[in-house]
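A look at the structure
Chain residues, written in single-letter form:
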Amino acid sequence: MPDQPVQTIDVMALLRAVWRRKWLLIVPIVVAGGAGFGVAQTLAPVYEARSTIVVKVQERFSEGLAQIIGRSPAEEQLSRVQEKLKSRAFLVELVRSLDLAEDPGIKAWAEETYAEDPAIPVQDLAEGAAVEGLRRRISVHRSSTDGFQVVIRDTDPDRATLLAQHITNAFVSASNREQLEEIRAVYDFSIEQLVIYRQKLDDAELRLKDYRESQAVGYSMANPVNSTNVGRVDILISQATVERDRAGERVNEKRNDLMGLAGNSYNRLSVLESDLLTSYSEQLVELEREVASVLVLSAQEGPEITTLYVSEAEKKDQYRQEARRLAAAAVPGAAPDILEAFAQYRIAQVEEQMISERASVLGRFMRDYTRGRASAAGSQLEITRLEQEVESTRALYEAFLQQTAAGQITEALEAARAGGRFEIIEPPVRPTSPVAPDKLMILVMSVFGGAVVGLAAILVSEQGDTSFKNIDEIEAAVGVPVLATIPSSDVLRGISAREKKAAKKVRKKGAGPSNGDSELLRHMVRETAVSFEFRRMARRIARGVGRDIPKSILVTSANRGEGKSTAAASLAITLAKHYGHRTVLVDCDLRKPRAHRLMAVASKPGLSDALERGNLLGTDIKPTKLPNLFVLPCGTRRDQPTWLLESMPGSRVMAELLASFDTVILDTAPNLPVPDAMILGGEVDGVVIVLRAGVTPREVVTRGVQLQRDEKENVLGVVVNNLERVLPYYYDYRYYGYTSDSSELEEEEE
C-alpha cells in the first residue's frame, strides 16, 4: 500500500491570510482588550486575611480502647473543620455576635424582599443573607500535618482582618468547650454503666455461692414437682406441646420463605453449619432446660426467669449474627433479605429444639414425681443454671464494655474530634494588597479571547473568499500571463481622492481644469514604483507579441472598481515618455468616463461628437503637458453609448486615430456588465484586462477573460492591482530600501 501524503499546514499562507485581513484580528483584540480592561477597573478589590491554627488531640483512653475507636485521618479532620466553620449554627452565632445582619446593604435587600413576599420576617431574611455571604467568604486549607489555615475574603481589608480574628477565636473556643463537654459525658456514662453491671454480676455470683454452700451442708433438693405445683406442671407440659407444634409450623414457614427468596442458593444454604453455631445451639438448649426447672419452681414473671430469658435473647442474637455471617460467606453478594431469611429459619429450628427440650424436661419431672423419686439431677441442674446466670451476666458486662460502651464512647469522641483541641499559632494580619481580581490576567484573557475571535473570523472569511491570491494561481486559471503587478502609493491614493472631489465640484459648478498637467502625469514621469512597473509591463507586451508595442491596445476589466482607467492612462504616459511613441488615450467608457479628469483636459468635444459627425476635428483631441501624449475624451454624453461604439470599428474616426498616432490606448467599460469591450476588442491588436487581487472573485475574472477571448484571441495578459495586500512586501520597494514610494495601485472607480 503506497504511503499517504502527509498533510502539512502552509504557515506562510496562513500568515498571508492574517496580513490580508489584519483588521479582522486587530479590531476584536482591541475591543476585547478594552472591554477586559474596563471590567477589571470596575471590579472591587478583594483582600484576604489568614490565621493558622493547629489541632492537639490528647487521647484520654487506654491503647486498647483507642484501637477500638480508631483515629481520624488528616483529610477527615480537614473536612470536619470545614463543616464546622460553615455550619449554620456556628455562622448564625457569629452573625449575631458581630451584628452582620445590620449591614445597610443587607438590610435594604431584606426590606425589599419582604415587601414583595412578607412570608419571612425582615430580620430572618437579613440574617440568612448574612450567613450565606459569610459562608462564601470562608475557606479552610491544610497548612501542615496538624495545622489549618482559616482564610477570609472581603472587599474591606479591615473587615477581612476583623472577621478572620472573630471567626478563629470563636471556632477555637467553641471547639475546645465541646471537646471537654463530650469527654466528660463519655466518662460519666461509662462509670454509670459499669456500676450497674458490676452490681448485677456480684448478685449472680452471690446466688451461686449460697446455693453451693447449701448443697455442701447436705441440703438435698427434692424433685421440684410436688403436690402444690403438679397441676401447673401439667399445664406447662400441655403448653410446651402446643408451642412445639407451632414451632414446627414456623420452621416450615421460614423454610418456604427462604426457598422463595434464595432460589438456586437454597440447597447451599440448607446444609450450612459451623462449630460456633452448634455451640450456640447447645447453649440455648441448656438454657431452656433451666427455664423448665425455674418454671416449675417460680412464676413466669419472676426475676430468675427474666434473667434466663435475657440470656436466651442474647444467645439468639449471637446465633442470628453467626447464621448471617455463614450465609454471606456461602453466597457472596446475597441480598440482605436472603441473609435475614436464613437467620430466621435457623432460629426457628433452634426454638423448636428448645421447646422440645423443655417439654422433655417437664415430662421427666412429672415421671419422677409420679414414681415418687426425687430428682437426683435437680441440684446439679440448679448449679448449672446459676453458673450459666453468672456467665451470662459477666458476658453482658464485658459485651457492654466492648460493644455498647465502646460504641457510645466512639460516637462521643468522634463528635469531640469535630472540634479537637485547637491553638492559634498565627493570628490574622491586616492585608496590604488585594488578591483579586487579577487585572493583568483578565486583560490577558480578554486579549487572547479577542485574538481567538479574530482568527476565527479570518478563517471564516478565507473560506468564503474566492478571489485570487497569487500570480501562479491567476495565470493557471485565466490562461494568459500576468503583465504587471501594480503597487499602490500614498500619492495615487491622494490623486484618487482629489479626483473624486473634483468630479463633485464639476457637477455643481461646471468644467474643471483643462491644462493637461495632471497629478497622475507628474507622478508617472518620475522614477516611482508605479512607473517602474508600467515600464516592465510595456516590455512584456512587446516581448509577448514578438515585435514592438502593438498599434492599438484595449484596456478593460471584468467588473467595475478594478483600476482599469488609471492603468490605461498610466500605460499611455509610459509609452509616450519612455518609448517616444506618439500616443493617444481614447476614453471609450461613455457611461462613466474618467480619462479627462485623470489627464486634466476638457471632457468635450470628444469621441461621441466625432462618431456623431463621422470624422475627427482638431478640437476633439486634447494635448497634455507631455509632448507625445494626447487624449480623446468621451465628449458630449449620449443616451445610447453602445450604439455609438458599434460604429467605431472600421470607421473613419478609428482610421484617423491609427494613422495619426503610433499607439492608440482604448479605455472601455467593464466587459461583464456591457458589451462595449467585446465590440471594440475584435478590432484592436491586443487587449489588457485589469483585476484586483484579493477582491474580485475568480469566477468573475475567468468569465471576463473568456468572453474577451471568445470575441478574438488577442488578450495580451492581465494587470493585477492590490497584490501587495494579498502578498505582503510584494513589489514593496521600501522593503528593499531602494525608494521612498510604496506599493500597489489602489484606485476606486465610480
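Let's talk about the overall build of the protein
Helix and strand counts for the protein stand at 27 helices and 12 strands. When burial is assessed residue by residue, the protein has 46% of its 750 residues classed as buried. Counting only contacts in the protein whose residues sit at least 6 apart along the sequence, the fraction spanning at least 24 positions is 82%. Accessible surface, the protein as shown: approximately 37,700 Å² in total, 53% of it carbon and sulfur.

Considering a negative patch on the surface
A cluster of acidic side chains, namely D245, E249, E253 and D257, defines a negative patch on the protein surface. Secondary-structure assignment places E249 in helix α9 (residues 230-262).

Here we look at the packing of aromatic side chains
Per the counting criterion, the structure on display carries 1 aromatic pair. Consider the rings of F630 and F661, whose centres lie 5.6 Å apart with planes at 55°: the pair is tilted. Separated by 31 residues along the polypeptide, F630 in strand β9 (residues 629-632) and F661 in the loop between α24 (652-660) and β10 (663-667) bring together distant segments of the chain. The residues F630 and F661 share a single accessibility class, namely buried.

Considerations on unusual backbone geometry
Cis geometry marks the peptide bond from K604 to P605; its omega dihedral reads 0°. On the secondary structure map, P605 appears in the loop between α21 (595-599) and α22 (607-613). The backbone of A600 shows a phi angle near 60°, a positive value even though the residue is not glycine. Taking relative accessible area as the criterion, A600 reaches 7% and is therefore assigned buried.

Overview of the environment of I425
Its place among the elements puts I425 in strand β4 (residues 422-426). Given a relative accessible area of 45%, I425 falls into the partly exposed group. For the pair formed by I425 and V54, sequence separation is 371 residues and the distance between their alpha carbons is 7.0 Å. Contacts of I425, omitting those with residues within four sequence positions, involve T52, I53 and V54.

So, the sheet that holds strand β8 (residues 622-623)
Within a sheet, neighbouring strands are paired by backbone hydrogen bonds and run either parallel or antiparallel to one another. Taken together, the 8 strands give an open sheet; going across it, the order is β5-β12-β11-β6-β10-β7-β9-β8, and neighbouring strands pair in mixed fashion. Two strands bound the open sheet, and with one partner strand each, they are β5 (482-486) and β8. Pairing analysis gives 4 bridges linking strand β6 (residues 552-557) to β10, with the strands arranged parallel. Pairing of S552 across the sheet is with V664, part of β10. Against the sheet, helix α20 (residues 564-578) makes contact with β6, β7 (583-587), β9, β10 and β11 (686-692), and its axis sits at roughly 170° relative to β10, the strand it touches most. Sheet contacts for helix α26 (residues 698-711): β6, β11 and β12 (715-721); angle to β11, the most-contacted strand, approximately 170°.

With respect to the nonpolar core
Core analysis: the biggest nonpolar cluster contains 39 residues, and V586, L607, M648, L657, L666 and V718 have the highest contact counts within it. If near-sequence neighbours (up to four positions away) are discounted, V718 is found in contact with I474, V480, P481, V482, L483, A484, I689, L691 and V705. If you look at the next biggest cluster of nonpolar residues, it comprises 38 residues, including A484, I573, A595 and V719.

Observations regarding the confidence of the model for the protein
Considering every residue of the protein, the mean pLDDT works out to 77; 77% of them sit at 70 or more. Note on residues 373-377: pLDDT under 50 across the span, and 10 contacts to partners over four residues away in sequence or across chains. Every residue in residues 726-750 scores below 50 in pLDDT, and together they form 94 contacts with partners more than four places removed in sequence or on other chains.

Brief notes about the pattern of salt bridges
Throughout the structure, instances matching the rule amount to 23 salt bridges. We note a salt bridge from R536 to E533, for which the minimum N-O separation is 3.2 Å. With R536 and E533 both in helix α19 (residues 529-545), this residue pair falls 3 residues apart, about one helical turn. Take R536: its relative accessible area is 33%, and that puts it in the partly exposed class. When its relative accessible area of 0% is taken as the criterion, E533 is described as buried. Residues E713 and R709 are paired through a salt bridge, measuring 2.6 Å at the closest nitrogen-oxygen approach. Given the relative accessible area of 23%, R709 is considered partly exposed. By sharing partners, the salt bridges in this structure join E243, E288 and R358 into a single network.

Focus on α20
Helix length check: α20 (15 residues) gives 21 Å between terminal C-alpha atoms against 21 Å at 1.5 Å per residue, within 8%. Once α20 finishes, G580 follows within two positions and takes phi at roughly 70°, a positive value.

Calculation criteria
Residues numbered from 1 in each chain as written. Predicted model: local features only at pLDDT ≥ 70, side-chain atom pairs only at ≥ 80, totals over all residues. Heavy atoms only, no water. Helix = DSSP H or I, 4+ residues; strand = E, 2+ residues; numbered from the N terminus. Buried < 20%, exposed > 50% of the residue type's maximum accessible area, 1.4 Å probe, protein only. Contact = heavy atoms within 4.5 Å. Areas by Shrake-Rupley, 256 points an atom, 1.4 Å probe, with all protein chains shown as cover. Patch = residues over 30% accessible without salt bridge, like charges linked within 9 Å, V, L, I, M, F, W, Y side chains within 5 Å. Salt bridge = Lys/Arg side-chain N within 4 Å of Asp/Glu carboxyl O. Lys, Arg positive; Asp, Glu negative; His and termini not counted. Charge placed at Lys NZ, Arg CZ, Asp CG, Glu CD. Phe/Tyr/Trp six-rings, centres within 6.5 Å; stacked < 30°, edge-to-face > 60°. Pairing = 2+ DSSP bridges. Axes fitted to C-alpha atoms, helices over the stretch in contact; angles between N-to-C directions. Core = buried A, V, L, I, M, F, W, Y, C linked by side-chain atoms within 4.5 Å. pLDDT = per-residue confidence, 0-100. Expected span 1.5 Å × (residues − 1).

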